[in-house]
Amino acid sequence: AQTVTQSQPEMSVQEAETVTLSCTYDTSENNYYLFWYKQPPSRQMILVIRQEAYKQQNATENRFSVNFQKAAKSFSLKISDSQLGDTAMYFCAFWGGSEKLVFGKGTKLTVNP
Amino acid sequence: DAEITQSPRHKITETGRQVTLACHQTWNHNNMFWYRQDLGHGLRLIHYSYGVQDTNKGEVSDGYSVSRSNTEDLPLTLESAASSQTSVYFCASSPRQGSEAFFGQGTRLTVV
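Since this is a predicted model, take the numbers as computed values, not measurements. (Residues numbered from 1 in each chain as written. Chains lettered and ligands numbered in written order. Predicted model: local features only at pLDDT ≥ 70, side-chain atom pairs only at ≥ 80, totals over all residues. Heavy atoms only, no water.)

## Considering the overall build of chain B
For the record, the criterion: Strands here mean DSSP runs of E at least two residues long; helices mean DSSP runs of H or I at least four residues long; both are numbered from the N terminus. Atoms considered for the radius of gyration are the C-alpha atoms alone. The globule rule reads 2.2 Å times the number of residues to the power 0.38. Each residue's exposure class comes from its accessible area (1.4 Å probe, protein chains only) as a fraction of the maximum for that residue type: buried when under 20%, exposed when over 50%, partly exposed otherwise.
Looking only at helices and strands, chain B has zero helices and eleven strands in total. Starting at the N terminus, the α and β elements of chain B follow one another as β-β-β-β-β-β-β-β-β-β-β. A compact globule built from 112 residues would reach a C-alpha radius of gyration of about 13 Å, and chain B, at 13 Å, matches this within 12%. For chain B, the C-alpha atoms occupy an extent of roughly 35 × 25 × 25 Å along the three principal directions. Buried positions account for 48% of the 112 residues belonging to chain B.

## Let's talk about the packing of aromatic side chains
In this description, an aromatic ring pair is defined by two values, namely the gap between the centres and the angle between the planes. Residues and elements named next belong to chain B. How we decide: Any two rings among Phe, Tyr and Trp, with Trp reduced to its six-membered ring, count as a pair given centres within 6.5 Å; such a pair is stacked if its planes are under 30 degrees apart, edge-to-face if over 60, and tilted if neither.
Summed over the entire model, instances satisfying the criterion amount to 19 aromatic pairs over all chains. Taken together, a centroid distance of 6.4 Å and an interplanar angle of 75° make the contact between Phe-90 and Phe-103 edge-to-face. In this pair, Phe-90 sits in strand β9 (residues 87-94) while Phe-103 sits in strand β10 (residues 102-103), placing the two residues 13 residues apart along the sequence. When its relative accessible area of 0% is taken as the criterion, Phe-90 is described as buried.

## Things to note about the interface of chain A and chain B
Convention followed: In what follows, residue pairs with any heavy atoms lying within 4.5 Å of each other are defined as contacts. Take the accessible area each of two parts loses on contact, using a 1.4 Å probe, and add the two losses: that sum is the buried area. Take a side-chain nitrogen of Lys or Arg and a carboxyl oxygen of Asp or Glu: if they are within 4 Å of each other, that pair is a salt bridge. Whenever a nitrogen or oxygen atom comes within 3.5 Å of another N or O atom, the pair is scored as a polar contact, on the condition that within protein one atom can donate a hydrogen and the other can accept it, and that pairs from neighbouring residues in sequence are kept only if both atoms are in side chains. Ten residues, namely Ala, Val, Leu, Ile, Met, Phe, Trp, Tyr, Cys and Pro, are considered nonpolar, four, namely Asp, Glu, Lys and Arg, are considered charged, and the remaining ones, Gly among them, are considered polar.
Taken together, the contact between chain A and chain B spans 20 residues of the former and 27 residues of the latter. When the buried area of chain A at its contact with chain B is split by residue, A:Arg43, A:Trp95 and A:Lys100 rank highest and sum to 36% of it. The tally of links between chain A and chain B comes to zero salt bridges. Remark: the boundary between chain A and chain B carries eight residue pairs in polar contact (both at pLDDT 80 or more). Among the elements of the structure, β5 (32-39), β6 (46-52) and β10 (88-96) of chain A are those that each provide at least two residues to the side of chain A that touches chain B. At four residues, β5(A) tops the list of elements feeding residues into the side of chain A that touches chain B. Of the residues contributing to the side of chain A that touches chain B, the split by class is nine nonpolar, six polar and five charged.

What follows is the structure, encoded as structure tokens:
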């Protein structure tokens, strides 16, 4: 079964700066999907970005981008020009092959003014 | 607009009681999931279903059951509630493997 590891329980960044959240995973699958979800204090889960493993190009959504290293099984999220509204829990998730959708333990990000 | 809704939003129950949390989606998604969220543990998968009459155990399924009699609903039942099941529960649905999962608002369950 696949596992998803987020090694940074908490991080902080100054407004307008860049921060990178790390995620590693373990799988024997070759075709799979990776996600970053954001959970603000409202508790709502919001998709930030999605990556298909067979695509070599890293996914980008406005200020959010990923560094996908398939061989290293690494999937980090970079947030550029951090805003106060980016303060939230961030979850990395994996869905592949015959496996189910599983999440990491999350990283609590605080953006300071 | 299509949506996914959970009910109730908050519930307090006593140890030993049977509790059912409802999840209803109007997207006609085949895939549905139940997770619990606890501090320090992130989201842990309880049960999931890939279609009507299909149910599968997740990593923390002990003490929980689900049934899928139609596409729209995946109710989660706690057979005999325990204090260890105090948590926030999330239901999610997705049209196909690898696509975005859409989450309900969550149910905060307290077992006293």
